[in-house]
Amino acid sequence: MAPSMDIDDNVDKKSKSTTAAKKVGTPSASSEEASPHPDMSLAQDIHRVMMVHCSTLSVEDATAIIGMDPTALLDKVISRVGTGGKSVEEAIKENEVKYSKTEEDSTEGKKKDEEESSDETEEIEPLLNAALYRHLQSTLGYNKSDALSEVNLTAIETHHESIIKILRENITKAKDEAGDMEVLHAHMDVARYCAKCTTKEMALSAYEEVVALPKLSIGKKLDAYLEMTRVCSFWGDWKSMNETLTKAAKVIEKGGDWDRRNRLKAYQAMSYLCSRDLKSASSLLLEGIATFSCMELCEYSEFIMYAIVTNLLYLKRTEVKKSIIDGSEILQVAKDIPVVMQLANTLYDCDYKAYLHTLVDLQPHLVANRYLQPHAGYILRELHVLAFQQFLDSYQSVTLESMATSFGVGVEFLDLQLSRFIAAGRLTAKIDKYGGVVETNRPDWKNARYQEMIQKGDLLLNRIQKLGRVVDL
């Protein structure tokens, strides 16, 4: 009888025993098995190149954040997506040799590749992704002499069709000669190859075949859904990303180990971040700091940055001190994210002048991040409101001149900012323009809740009376 795919028990026990021993921010057992494609660091690089191209991010800021000239980054991205600087014929031949091996040779080759990659840093493998190359070429107007022609891209696509045909033949062979696990691995090979070299639609279709396999364990199905989520994220399809995570959440309700549950929460946090549900994202991000292992999703320092920026908006001041400023896991990577750490420290220390200067420094970092860039204006506005509210909470009334001095801005600028937020109902205060004073109006929450309870009680009594009349009839 062919072996069942429900063999996650041993893997799960291993992951549970090793997770505790692993340092925070290192891959877990299930994370190490995840496909390296699509590469989310490449997605970040593409986003930064796009931002510089449309002048949303300055060359100076991009160079400071990336650590290299944006032009050099563009060449690096194009090379990675294309043939890696090799001729099309040479790149196709190498790829054909790699994927045309027998199953035994392929297994041995994978082991050998893992050993070599652990011993030395090798050149990153080119993607040979014609669809992505066309998109970048048209969007960025990349027309250098070494750019791939349409003939080259068509040849690459034809090559991929032949490789996928070979991989699908392995599925048929596994069904006839091997067991369920071999069939699963053959299907995953097709899906991961499509995620690396073809379009989003082809990759998602291949992964749908994986999750539709019979006797597929909860752990393996969840792994497939998470890889599907990364495909959606890479191509910027946030709606499909959210739908896939909803399916994954339903799967995890039926079981699953803690490692995969924690990884799912990290993915859900990123989905909330993309949909601007920062409050939901903040709680999951803060919870995931101690258990983060999704190195295939983003770097640990990047995850910490998301956690700090979102939680500053919702945590109480005492919690900011405990969870962020003095958080042991956060302090481990503080040197890698100096701007957001300074943001948290200046807000806690009530150094509002330095805080506003830090917001200026934070802006290019938000723009340079593909998850935060669409919400950069909203986040900066909320961070301004946060500082104004914290300052005004300490006073019954304060002069505009004194407040402007504390924030290091002009009186007219401060008056404009405060009036906008007061009119929008974001600040409970009023401005005495003649006297040059800001007066705070602290809402009577206790009385407001009492009035709300009375109104709801009256409504409930009216409904009961109507129901009583119907019953009497």
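Up top you'll find the structure we're talking about.
What you see is a predicted model, and the numbers here were worked out from it, not measured in a lab. (Residues numbered from 1 in each chain as written. Predicted model: local features only at pLDDT ≥ 70, side-chain atom pairs only at ≥ 80, totals over all residues. Heavy atoms only, no water.)

**Q** Help me understand the packing of helix α21 (residues 376–392) against helix α22 (residues 400–407), please; the structure alone is not making it clear to me.
**A** Think of two packed helices as two axes; the pair is described by the angle between the axes and how far apart they sit. Where α21 meets α22, the closest approach of the two axes is 12 Å, and the angle between their N-to-C directions is 125°. In terms of orientation, α21 and α22 fall into the oblique class. The element α21 and its partner α22 pack so that their crossing is right-handed. Contact with α21, carried on its side by Ala387, Phe388, Phe391 and Leu392, involves Met403, Ser406 and Phe407 of α22 and no other residues of that element. (Axes fitted to C-alpha atoms, helices over the stretch in contact; angles between N-to-C directions. Helix = DSSP H or I, 4+ residues; strand = E, 2+ residues; numbered from the N terminus. Parallel < 35°, antiparallel > 145°, perpendicular 65-115°, else oblique. Left-handed = near helix turned anticlockwise from the far one by under 90°. Contact = heavy atoms within 4.5 Å.)

**Q** Any chance you could explain empty space enclosed by the protein here in plain terms?
**A** Over the atoms, a rolled probe matching the size of one water molecule traces out where space is still vacant. Applying the stated criterion across every chain, the model contains two cavities of 30 Å³ or more. Its boundaries defined by the atoms lining it, the largest cavity holds a volume of some 60 Å³. In this structure, the largest cavity is lined by His37, Pro38, Asp39, Leu127, Asn129, Leu132, Ala195, Lys196, Phe234 and Trp235. Each residue belonging to the lining of the largest cavity can be placed in one class, and the counts come to six nonpolar, two polar and two charged. Volume-wise, the second largest cavity comes out at about 30 Å³. Around the second largest cavity sit Ser30, Ala34, Asp223, Leu226, Glu227 and Arg263, which together line it. Sorting elements by how many residues they give to the lining of the second largest cavity places helix α12 (residues 218–234) first, with three residues. For the lining of the second largest cavity, a count of residues per class yields two nonpolar, one polar and three charged. (1 Å grid on protein atoms, 1.4 Å probe; cavity = no way out; pocket = protein on both sides within 12 Å on 5 of 7 lines; lining within 4 Å. Points joined across faces, edges and corners; volume = space filled by probe spheres on them. Nonpolar A, V, L, I, M, F, W, Y, C, P; charged D, E, K, R; others polar.)

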